[in-house]
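Observations on the model geometry
Each chain is listed here by its residues.
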Amino acid sequence: MNVFRPLARLATRPSSILSSTSTRAISSTPLPAAPVTSRRGGALELGDWIGRLSDRSSGPPGVDIDVGPPQPHRMHVYATKHNTHITFTQPPRKDPANPGKQVDVLMSLSAGNIGFKKAGRGSYDAGYQLAAFVLKQIQERGLLRDLHSLEVVLRGFGKGREAVTKALLGSEGYLVRNKISSVKDATRLKFGGSRSPKPRRLG
């Protein structure tokens, strides 16, 4: 006796199966979709439901979540044979008063700002006193609170280059010295280009 014969008979007569009332009711009447409800009991629209899912991956409105490592502050030292410039900058951030402007420069001074005149601005003593003055201003203005790491960028080979280095290693830079993460050289090197000025020869 073949046990699969009744199944074969049903397969040859699909009209008898589809003609039943229960099958017609299932195939013709769609099931109602369950509405998405909130905790308060009200139904949510599709856009609101998607919006709530997207809000879970972001922070509160108006607050930017920074997942990357914090950028360091920078101290740019530009030492020429005539003067020494020190610029202290912070990571770029938006200005609350002017959203289209980024505030990054906290302090920019040269040897002329602390009283040195003419040829004295390019001396070793001028560079040392300028570095000591900048380090003191960083402490007095309360900038050490947000200073997590400092990057020193040196440019030029004037006497102020070594003077600023000595000031950072001396007693003037004891509060900033441990926060220095890297020291870089940004001196511009010329490859070809236009002809340089004639060297000045005295005597």
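Since this is a predicted model, take the numbers as computed values, not measurements. (Residues numbered from 1 in each chain as written. Predicted model: local features only at pLDDT ≥ 70, side-chain atom pairs only at ≥ 80, totals over all residues. Heavy atoms only, no water.)

Re the pairing of strand β1 (residues 73–79)
On any regular strand, side chains alternate: one points to one face of the sheet, the next to the other face. Of the two faces of β1, only the one carrying His73, Met75, Val77 and Ala79 is buried; Arg74, His76 and Tyr78 on the other face are not. Taken together, the six bridges between β1 and strand β4 (residues 150–155) define a ladder with parallel strand orientation. For Tyr78, the partnering residue across the bridge sits in β4 and is Arg155. In this structure, β1 lies alongside strand β2 (residues 84–94), joined through six bridges in antiparallel fashion. Paired with His76 across the bridge in β2 is Thr87. What sits between the antiparallel neighbours β1 and β2 is a turn of four residues. (Buried < 20%, exposed > 50% of the residue type's maximum accessible area, 1.4 Å probe, protein only. Helix = DSSP H or I, 4+ residues; strand = E, 2+ residues; numbered from the N terminus. Pairing = 2+ DSSP bridges.)

Here we look at the confidence of the model for the protein
For the protein, per-residue confidence averages 79 on the pLDDT scale, and 67% of positions sit at 70 or higher. Counting interchain partners and residues more than four positions distant, the pLDDT-below-50 stretch residues 16–27 has five contacts. (pLDDT = per-residue confidence, 0-100. Contact = heavy atoms within 4.5 Å.)

Some details on the environment of Thr89
Positionally, Thr89 belongs in strand β2. By relative accessible area, Thr89 is classed as buried at 12%. Here the alpha-carbon distance between Thr89 and Val105, two residues 16 residues apart in the chain, equals 4.4 Å. What Thr89 contacts, discounting residues up to four positions off in sequence, is His73, Arg74, His76, Asp104, Val105 and Leu106.

Quick look at the sheet that holds strand β5 (residues 180–185)
An order of β3-β2-β1-β4-β5 is seen for the five strands of this open sheet, with the pairing classed as mixed. Of all strands in the sheet, those bounded by a partner on one side alone are β3 (102–110) and β5. Across the sheet, the mean angle from the axis of one strand to that of its neighbour is 20°, orientation sign disregarded. Two strands pair when backbone bridges link them, and β4 and β5 are joined in this way by five bridges, in the parallel orientation. Residue Leu150 lies in a different strand from β5, and its bridge partner there is Ile180. Across the face of the sheet, helix α6 (residues 159–169) comes into contact with β1, β2, β4 and β5 while running at roughly 145° to β1. (Axes fitted to C-alpha atoms, helices over the stretch in contact; angles between N-to-C directions.)

Thoughts on the pattern of salt bridges
Oppositely charged side chains can pair when the atoms bearing their charge come close. Per the stated rule, a full pass over the model turns up five salt bridges. A salt bridge links Glu151 to Arg74; the shortest N-O distance between them is 2.9 Å. Here the residue Glu151 occupies a position in strand β4, and Arg74 occupies one in strand β1, the gap between them amounting to 77 residues. Given the relative accessible area of 7%, Glu151 is considered buried. The closest approach of N and O atoms between Glu140 and Lys136, which form a salt bridge, is 4.0 Å. Of this pair, Glu140 and Lys136 both sit in helix α5 (residues 124–140), four residues apart, roughly one helical turn. Judged by its relative accessible area of 52%, Glu140 is exposed. Beyond isolated ion pairs, a larger network of salt bridges with shared partners links Arg74, Glu151 and Lys184. (Salt bridge = Lys/Arg side-chain N within 4 Å of Asp/Glu carboxyl O.)

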